[in-house]
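Observations on the model geometry
Listed below are the residues making up each chain.
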Amino acid sequence: MNKQHIILYQKNVMHPKYISTILFNDQDIILYIVKNNEALKERLKLYQIDCILYECDFLTKENMIDINMLEKLSIPYLLVVEKIAENINIDKQKVIFKPQEFSVHNVYTNQLIVRIKSLYPQKRVQPKPVGTISQNVIGIGASTGGPHAILEILKQLPNTMPGIVIVQHMTDSNTISFVQYLESHCDLKVKVAIEDEVIKDGVVYVAKQKQHLIIQKEIQGYSLHYQNGEKVNCVCPSIDVFFDSMAQQVGEKAIGILLTGMGSDGASGLKKLKEKGALTIIQDKESSEMESMPQEAKRLKAHCRELSLSTISGYLIQYFHKERSSENNGNK
């Protein structure tokens, strides 16, 4: 994916390094920071800018002069704020609220990056084919750094792959943007998982938030279901809950992949998958933005393979090529 050139326009920000650090750490983004209109205009003359982020702590009428100027530019923009004054009438679709506590927060990081990248998707004209009912299921779990890692995997996979189910920690309001972000950059069809849906080849199913996603074996194939429940490992949906259901319902026909993330969610579930004969993969320490989740799985010896992010797609393609070759030879 091409580098995205973004201007961060900061006005009366008490913690100026919080948002800028998140953006500087994303390898797909080239960031320019400005503090006034003159500096903004200068950057616009020098560079082809994809997006402008206007960051302030408290959005008041004084800021509307800047925002009205942004409206006149033919460049997508978002407002990153803590609070909005009561007398301000603003399009809430353009607003990303900053968290109260200024620390590296995985859910907020994912939300910010996905919202930015979904502003300018790469258009695809041809409709994407949907395959037959999947006999294998690929489950992917991720947290901090997940949107980038998941895209890196999916964009290299052909639409002949078995159904892929993703549990990514993020806010519920951002799931649609995440789906659009993935859909616009890969050959696989990407959609939000819905209740009682049968998993099919060539389709990626993204779990919505605030409910746990589980899988159920059917007479033919597998279906997806949501269930209410308390948070597990401080999150809902939990990767562990989904991997546990994969272990019970799919067993050796499953492929579990645990990617970058903070905490330990997914590690014990991945171990259960391995114990049931499934292929289990963790992202290696060097390519993970946050190593905690995959390294906890490694500590539990829950993985069959530890791979760098750049090699996971190739491994999956080769794995299923060999499996289909074996099935064809067995049918002769």
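Source: prediction; values computed, not measured.

Calculation criteria
Residues numbered from 1 in each chain as written. Predicted model: local features only at pLDDT ≥ 70, side-chain atom pairs only at ≥ 80, totals over all residues. Heavy atoms only, no water. Helix = DSSP H or I, 4+ residues; strand = E, 2+ residues; numbered from the N terminus. Rg over C-alpha atoms; globule rule 2.2 N^0.38 Å. Buried < 20%, exposed > 50% of the residue type's maximum accessible area, 1.4 Å probe, protein only. Contact = heavy atoms within 4.5 Å. Areas by Shrake-Rupley, 256 points an atom, 1.4 Å probe, with all protein chains shown as cover. Lys, Arg positive; Asp, Glu negative; His and termini not counted. Charge placed at Lys NZ, Arg CZ, Asp CG, Glu CD. Pairing = 2+ DSSP bridges. Axes fitted to C-alpha atoms, helices over the stretch in contact; angles between N-to-C directions. Right-handed = clockwise from strand over helix to strand, strands pointing away. Parallel < 35°, antiparallel > 145°, perpendicular 65-115°, else oblique. Nonpolar A, V, L, I, M, F, W, Y, C, P; charged D, E, K, R; others polar.

As a further point, take the overall build of the chain. When helices and strands are tallied, the chain shows 10 helices and 15 strands. A globule of 332 residues ought to have a C-alpha radius of gyration of about 20 Å, and the chain, at 21 Å, matches this closely. Expressed along its principal axes, the backbone C-alpha trace of the chain runs to roughly 70 × 40 × 35 Å. Within the chain, the fraction of its 332 residues that count as buried is 53%. Taking the contacts inside the chain whose residues are at least 6 apart along the sequence as the reference set, 73% of them involve residues at least 24 apart. Of the roughly 15600 Å² that the chain leaves accessible, carbon and sulfur atoms contribute 49%. Here the chain carries 39 positive and 37 negative side-chain charges, and the mean point of each set is 3 Å from the other.

Strand order in the open sheet formed by five strands is 2-1-3-4-5, and the pairing between neighbours is parallel. Here the strands that pair on one side only, and so sit at the sheet edges, are strand 2 (29–34) and strand 5 (95–97). Shown here is a sheet whose adjacent strand axes are inclined to one another by a mean of 25°, direction ignored. With three bridges connecting them, strand 4 (residues 77–84) and strand 5 associate as parallel partners. Within strand 5, the position partnered with Val 80 by the bridge is Ile 96.

So, on to the sheet that holds strand 11 (residues 212–217). Taken together, the three strands give an open sheet; going across it, the order is 9-12-11, and neighbouring strands pair in antiparallel fashion. The open sheet terminates on both sides in strands that have one partner only, identified here as strand 9 (197–198) and strand 11. Looking at chain direction, strand 9 and strand 12 (residues 222–227) are connected through two bridges and run antiparallel. Its bridge partner being in strand 12, Val 198 is matched across the sheet by Ser 223. Against the sheet, helix 7 (residues 239–249) contacts strand 11 and strand 12, and its axis sits at roughly 5° relative to strand 11.

A word on the pairing of strand 14 (residues 279–283). Most of strand 14 is tucked away, with five of its five residues classed as buried. Residues Leu 279, Ile 281 and Gln 283 point to one face of strand 14 and Thr 280 and Ile 282 to the other, with burial holding for every one of them. Relative to strand 14, strand 13 (residues 254–258) runs parallel, the two sharing four bridges. If you follow Ile 257 over to strand 14, its bridge partner there is Ile 281. Taking the sense of rotation as the criterion, the β-α-β connection linking strand 14, helix 9 (residues 292–299) and strand 15 (residues 305–307) turns out right-handed.

For the pair helix 7 and helix 8 (residues 267–275), interaxial distance at closest approach is 7 Å and the crossing angle is 10°. With respect to their mutual orientation, helix 7 and helix 8 come out roughly parallel. On helix 8, the residues that touch Asp 240, Phe 243, Asp 244, Met 246 and Ala 247 of helix 7 are Ala 267, Ser 268, Gly 269, Leu 270, Lys 272 and Leu 273. Its residues placed into classes, the contact of helix 7 with helix 8 shows six nonpolar, two polar and three charged.

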